[in-house]
Amino acid sequence: MCGIIGYNGVSSAVPFLIDGLKRLEYRGYDSAGIAVISNRNIRQEKKKGRIAVLSSALKKRDDMCGTIGIGHTRWATHGSPTDENAHPHKSGKFTLVHNGIIENHKELKEKYLKLCDFKSETDTETAVHLINRHYSGNCIEAIAQTVKLLEGSFAMAILCEDEPETIFCVRKASPLLIGTGEEASIASDISAISSKADTLYRMADGEIAAVKKDCIEFYDFNLNKIDKERSEFSVGYAHTEKGEFDHYMLKEIYEQPEAVKRTVDSYLQNDTLNMPIKTDKPERIYIVACGSAYHAGLAGKLFFEQLLSIPVSVEIASEFRYCSPLANKKTPVIIISQSGETADSLAALREAKKKGAPTIGIVNVPESSIATESDSVIYTKAGTEIAVATTKAYSAQLSALYMLAIFFAEKWQTAEKKQLSDLTEGLRKLHICIKNALGCEEQIKEIAARFADTEHAYFIGRGSGYAVAAEASLKLKEISYIHSEAYAAGEMKHGTISLIEPGTKVIAICAPNGLNAKMQSNIDEVKARGAEIFAVTCTHETKADTCIITAEAPHPMMSISTQIIPLQLLSYHVARLRGCDIDKPRNLAKSVTVE
Ligand code: AGP
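Quick notes on the rules
- Residues numbered from 1 in each chain as written.
- Predicted model: local features only at pLDDT ≥ 70, side-chain atom pairs only at ≥ 80, totals over all residues.
- Heavy atoms only, no water.
- Helix = DSSP H or I, 4+ residues; strand = E, 2+ residues; numbered from the N terminus.
- Buried < 20%, exposed > 50% of the residue type's maximum accessible area, 1.4 Å probe, protein only.
- Near = heavy atom within 4 Å.
- Polar contact = N/O pair within 3.5 Å; in protein donor to acceptor, adjacent residues only side chain to side chain.
- Areas by Shrake-Rupley, 256 points an atom, 1.4 Å probe, with all protein chains shown as cover.
- Nonpolar A, V, L, I, M, F, W, Y, C, P; charged D, E, K, R; others polar.
- Contact = heavy atoms within 4.5 Å.
- Phe/Tyr/Trp six-rings, centres within 6.5 Å; stacked < 30°, edge-to-face > 60°.
- Lys NZ or Arg CZ within 6 Å of the ring centre and 35° of its normal.

A. Unusual backbone geometry, seen in detail. Here the amide bond leading from His 87 into Pro 88 is cis, since omega sits at 10°, within 30 degrees of zero. Here the phi dihedral of Leu 223 falls at roughly 65°; this positive angle occurs in a residue that is not glycine. Along the polypeptide, Leu 223 turns up in the loop between β13 (216-220) and β14 (225-226). Residue Leu 223 is classed as partly exposed on the basis of its relative accessible area, which comes to 27%. Located in the positive-phi region is Tyr 481, a residue other than glycine, with phi close to 65°. Its location among the elements puts Tyr 481 in the loop between α15 (464-480) and β23 (483-488).

The structure is reproduced here in structure tokens:
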């Protein structure tokens, strides 16, 4: 998604802006730009491609020496990645950067801006021309008049040559944070806020901020002053470096044991789960999410239904939000999100609340929109996750779902005490089992070499094995660009088996769920058509061309957490052999804050 950065202090803005843009790179982007106010003139530079391209262009500019500036990494929505479509965009005395989508930009252009000279294909440029059109000497009034006309989602940082001491910020549906302290900084997420900040403001929807280097004023869109709550939040750099790892993704794969342990330890004290959740025994539970978070939800369904004997619907957020869901006050809705800013998941949360459903967020980023708007929230303690392909946050989400199911089962007395104490013991050992599962990397490197030139791969499984297959398939696709599908093993023969031909790679996840004989039949079916079979299994009885024996899980119901590990490593090493951009895969963003 697009990234916004801003600086208002006493040092030169350019180095801070470039460093901040680099800290936002992991969000995914295809162009970047900055603007600074220098002697009451706004100077800007923007380039298609990586930040390195922008930096080398800036080396030729000696006129960008101001102490106030804004920057942007663009993930193209309207208009292809070009220099002209990169942000900032300028009109008259105003220059702005934007994250989100202005959905009515065409109508506004038609109604108000027919005579304007547009330089780009972006929706964003409509906003800066509108502000300029409304401007008659008062910046914040012009901004307020404009934002009331905009529909969709927007976080904006705006400069005006007539107010060279101020950065104006606007927020509606796309996140924007402001750090204050020795200097003021603005960012789409906490990793780019100044490390000198000692206070954090999280802008809410419908707010405008006037940010000077030593004071901030907040208003609503009708320009009523807001006395905004400060959050004494030690910001620091949420970032860490790669250390001895070549990629953030590999580092985060190896951080999974500690990520899971931190998450479990934050809620399991002295054999008791303390979950901040108040809800009566429901008729049904919804789990709603996108991508890997959705795959964690597939695992959660199995766990919840086995322990609670309550039907669980796992929904893709972009579907849930538009299908007028049957959620109500008796059907809690659990929203799972690493970033807490995924537009579809946030919209699904708001839809669930409109239906009167109790909402529970399982979120990794503190103070994110989903965390703050959910009725209650369980934090995964995975730490900052930089790689676009999630690993440690996904594993932490699984542990949060295990804990929530055990907590509910204890509260509603829907499972035997012995079973629950075994599972609680399993929670305590989970991080050790994940650490043991990481021991397969050498075998995985050898297997990866056999995938490097593959065009297609199929992941099959039953029950929890299918939940693993779904996540493993996404991992392979998103970082190695190999086409891959996850299939319920028993479903292959209903059509997709027609795609199996000699040499087709099939990865069979054989979970310890009593279905191994059935899995073996499915393996035989595809093997009979020439497939090369890789089996991920905890036992040695599986007949396959290659067996990946994973470390035992602390409880059979938690095998997802260990069986996913070799497949995360497989996707990493295949992508590495194929020379892919592992931490920033093409076309992807870390947090998809647009529809
Ligand atoms: C996972 O590897 C992907 N990067 C993506 O599917 C991600 O899980 C999805 O966009 C949801 O993101 P969220 O957890 O931040 O809501």
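From this point on, the discussion continues.
B. Spatial organisation of the site of the ligand. Surveying the vicinity of the ligand reveals 14 residues, the closest of which are Ser 337, Gln 338, Ser 339, Thr 342 and Glu 478. At 2.7 Å from an oxygen atom of the ligand is found a side-chain nitrogen or oxygen belonging to Ser 337. For the ligand, an oxygen atom lies 2.9 Å from a polar atom in the backbone of Thr 390. Contact with the protein chains hides 91% of the accessible area of the ligand, taken as 410 Å² for the molecule alone. Residue classes in the shell around the ligand are distributed as five nonpolar, seven polar and two charged.

C. Up close: the side chain of Thr 166. Tracing the chain through its elements places Thr 166 in the loop between β7 (152-160) and β8 (167-172). Only 2.7 Å separates the side chain of Thr 166 from the side chain of Lys 212, close enough to count as a polar contact. Setting aside its immediate chain neighbours within four residues, Thr 166 contacts Asn 8, Ile 68, Ile 158, Leu 159, Ala 210, Val 211 and Lys 212.

D. The packing of aromatic side chains, seen in detail. Inspection of the entire model under this criterion finds eleven aromatic pairs. Between Tyr 201 and Phe 218 the ring centres are 5.2 Å apart and the planes differ by 50°, which places this aromatic pair in the tilted class. Of this pair, Tyr 201 sits in strand β11 (residues 197-202) while Phe 218 sits in strand β13, placing them 17 residues apart in sequence. When sorted by exposure, Tyr 201 lands in the same class as Phe 218, which is buried. Ring geometry for Phe 304 and Phe 408: centres 6.4 Å apart, planes at 75°, overall edge-to-face. Within this pair, whereas Phe 304 is found in helix α8 (residues 291-308), its partner Phe 408 is found in helix α12 (residues 392-412), the two being separated by 104 residues in sequence. Here Phe 304 and Phe 408 have matching classes, each one buried. Among the aromatic residues, ring-to-ring pairing joins Phe 304, Phe 407, Phe 408 and Trp 412 into one connected group. Lying over the aromatic face of Phe 218, Lys 228 brings its terminal NZ or CZ to 5.8 Å of the ring centre. Its end group placed over the ring of Phe 451, Lys 505 keeps NZ or CZ at 5.7 Å from the ring centre.

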